[in-house]
Amino acid sequence: SAWLTVCALWVAFTRRRTVQIFLMALSFNGLLLAAFGIAQRLLGNGKIFWFFDSPNPSFFSSFIYKNHGGAYLDLTLAVTCGLGGWYYLRGLRRLEKSNPSGVLAFFATCIAVSVLTSYARGATVIMLVFMLVCIAAFVIHQLVIPSENRKPIVAIVLILIFGYFLKTGFEALRSKEAWDRLRQGVMREDLSLEMRERATEASLEMLQENWKTGVGAGAYRYVFPIYQHRHPELVSHGSRRMFWEHAHNDVVQFPIELGIGGMILIAAGFIYWFVALARSYFWENPLSACVVFGLGLMVGYGWWDFPFQCPAILLTWCALWPTAAMWARFEESGART
């Protein structure tokens, strides 16, 4: 499904306007999911969509698993920030009195608040890293652009407004609990990260014995018990037996299941898109740069969780590679002409 989606986008999206509409739809989708998740935090009754019992009590927005909800919102955050940066720079070039960059910055703020209140620690770390880099890039840009185009008062006012909104949103949504959970994970005050590290160690043993042919797509859960019993701490926790459906490490699980042949195909696809992006100097375009940076952070997130086992994240992540490549190409050809 992911491969066919990528092919459909590469063939069908022949104009920059089409890519722009697609990215705006993703950004607006992220805003709606963020608003829905925040509403659940404020008015929730313990049921998903307020009517259905969730098989997983730690759901967020429309996602059964809060970590997947936070990771998907991180992807939409990257798209939203990229669009905001592109509109802002275009407004400077065209000397526009107004543009949608401020509205998109508001969208990004709402999405960032929802990621924090999802209590997904890994997604929160990714969000904080991404936002800090974007803010640093904005400050550096303000310092290097010509003085006649610099608008420090506008920048300061925007930062104060969005900072106040963030503070108010965090207080209303009891963000202290989210920060406490993040601190507990970083300081190793609970066993979640430790157990995932031990599962990764057992999975690496599994990879060493199956790296050539793999165990088959989706077969991890059936083969891992052989290696799980070599690590008694992974078998049971107290009186509860543990079942590892995923490795909680997609970077290790994919080569375990697909083997070297499958990973060569994936690596070839990644190299193809990266070369296409490099040829178009994607780092000079704020939209492509933000999207690629967000996609790279998601791979890093996959080292301690399994975001790519969620179809929404996998399809969106794959679809954004050709989208970023096409946007960079359209922008470069427009600049030359």
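Residues numbered from 1 in each chain as written. Predicted model: local features only at pLDDT ≥ 70, side-chain atom pairs only at ≥ 80, totals over all residues. Heavy atoms only, no water.

(A) Structural view of the packing of helix α5 (residues 121-144) against helix α11 (residues 286-301). With their axes 10 Å apart at the nearest point, α5 and α11 run at an angle of 150 degrees to one another. As far as their axial angle goes, α11 and α5 are roughly antiparallel. Considering the relative orientation of α5 and α11, their crossing is right-handed. From α5, G122, A123, I126, V129, F130, V133 and C134 reach across to α11, where they touch C290, F293, G294, L297 and Y301. Its residues assigned to classes, the contact of α5 with α11 comprises 10 nonpolar, 2 polar and no charged. (Axes fitted to C-alpha atoms, helices over the stretch in contact; angles between N-to-C directions. Helix = DSSP H or I, 4+ residues; strand = E, 2+ residues; numbered from the N terminus. Parallel < 35°, antiparallel > 145°, perpendicular 65-115°, else oblique. Left-handed = near helix turned anticlockwise from the far one by under 90°. Contact = heavy atoms within 4.5 Å. Nonpolar A, V, L, I, M, F, W, Y, C, P; charged D, E, K, R; others polar.)

(B) The environment of M298, seen in detail. Positionally, M298 belongs in helix α11. C-alpha separation for the pair M298 and F308, spaced 10 residues apart in sequence, amounts to 9.0 Å. Sequence-distant contacts of M298, defined by excluding residues within four places in its chain, comprise A71, D74, L75, P307, F308 and W317.

(C) Molecular detail of the nonpolar core. One finds L77, F130, L277 and W317 to be the most contacted residues of the largest nonpolar core, which totals 62 residues. For this core, the elements supplying multiple residues, two or more each, are α1 (2-12), α2 (16-43), α3 (66-94), α4 (101-117), α5, α10 (250-279), α11 and α12 (311-336). Top element by residues in this core is α12. It accounts for 12 residues. Setting aside anything within four residues of it in sequence, one finds L77 in contact with A108, I111, M127, F130 and M131. (Core = buried A, V, L, I, M, F, W, Y, C linked by side-chain atoms within 4.5 Å. Buried < 20%, exposed > 50% of the residue type's maximum accessible area, 1.4 Å probe, protein only.)

(D) Quick look at the layout of surface pockets. Here the second largest pocket defines a volume of roughly 990 Å³. For the second largest pocket, the lining is made up of 28 residues, of which I266, F270, L314, W317 and C318 are closest to its centre. Contributions of two or more residues to the lining of the second largest pocket are made by α1, α10 and α12. Considering each element in turn, the lining of the second largest pocket owes the most residues, 13 residues, to α10. Of the residues assigned to the lining of the second largest pocket, the class counts are 22 nonpolar, 4 polar and 2 charged. (1 Å grid on protein atoms, 1.4 Å probe; cavity = no way out; pocket = protein on both sides within 12 Å on 5 of 7 lines; lining within 4 Å. Points joined across faces, edges and corners; volume = space filled by probe spheres on them.)

(E) Region of interest: empty space enclosed by the protein. Taken as a whole and assessed by the stated rule, the structure comprises 1 cavity of 30 Å³ or more. Surrounding the largest cavity, D74, L75, L77, A78, I126, M127, F130, G294, L297 and M298 form its lining. Those elements giving two or more residues to the lining of the largest cavity turn out to be α3, α5 and α11. Looking at the lining of the largest cavity, its residues break down into 8 nonpolar, 1 polar and 1 charged.

(F) Representation of the environment of H246. Examined against the element boundaries, H246 turns out to sit in the loop between β2 (240-241) and α10. Residue classification places H246 among the buried residues on the basis of a relative accessible area of 14%. Residues H246 and F306, spaced 60 residues apart in sequence, show a C-alpha to C-alpha distance of 7.1 Å. Those residues within four positions of H246 in sequence are excluded, and the remaining contacts are Y220, R221, Q253, F306 and Q309.

(G) Quick look at the confidence of the model for the chain. When pLDDT is averaged across the chain, the result is 85; 84% of the residues are at 70 or more. For the chain, per-element mean pLDDT is lowest for helix α7 (residues 175-186), which scores 57, and highest for α11, which scores 94. (pLDDT = per-residue confidence, 0-100.)

(H) Spotlight on the pattern of salt bridges. Taken as a whole and judged by the stated rule, the model has 6 salt bridges. Linking R16 and E331 is a salt bridge whose minimum nitrogen-to-oxygen distance equals 2.3 Å. Here R16 is found in helix α2, whereas its partner E331 is found in helix α12, with 315 residues between them in sequence. A residue is classified by how much of its surface remains accessible, and R16, at 33% relative accessible area, is partly exposed. For E331, a relative accessible area of 14% puts it in the buried group. E245 is the partner of R221 in a salt bridge, and the nearest nitrogen-oxygen pair spans 3.2 Å. Taken as a pair, R221 in helix α9 (residues 220-228) and E245 in the loop between β2 and α10 lie far apart in primary sequence, 24 residues in all. A network of salt bridges, in which partner residues are shared, links E205, E209 and R230. (Salt bridge = Lys/Arg side-chain N within 4 Å of Asp/Glu carboxyl O.)

(I) Broad picture of the packing of aromatic side chains. Overall, the coordinates contain 22 aromatic pairs when judged by the stated rule. The positively charged end of R16 is found above the aromatic ring belonging to W327, 5.9 Å away from the centroid. (Phe/Tyr/Trp six-rings, centres within 6.5 Å; stacked < 30°, edge-to-face > 60°. Lys NZ or Arg CZ within 6 Å of the ring centre and 35° of its normal.)

(J) Up close: the packing of α3 against α4. Running from N to C, α3 and α4 point in directions that differ by 160 degrees, and their axes come no closer than 8 Å. When the axis of α3 is compared with that of α4, the two are roughly antiparallel. At the point where α3 passes α4, the crossing takes the left-handed sense. Residue-level contacts link G70, L73, D74, T76, L77, T80, C81, L83, G84, Y87 and Y88 of α3 to S101, L104, F107, A108, I111, S114 and V115 of α4.

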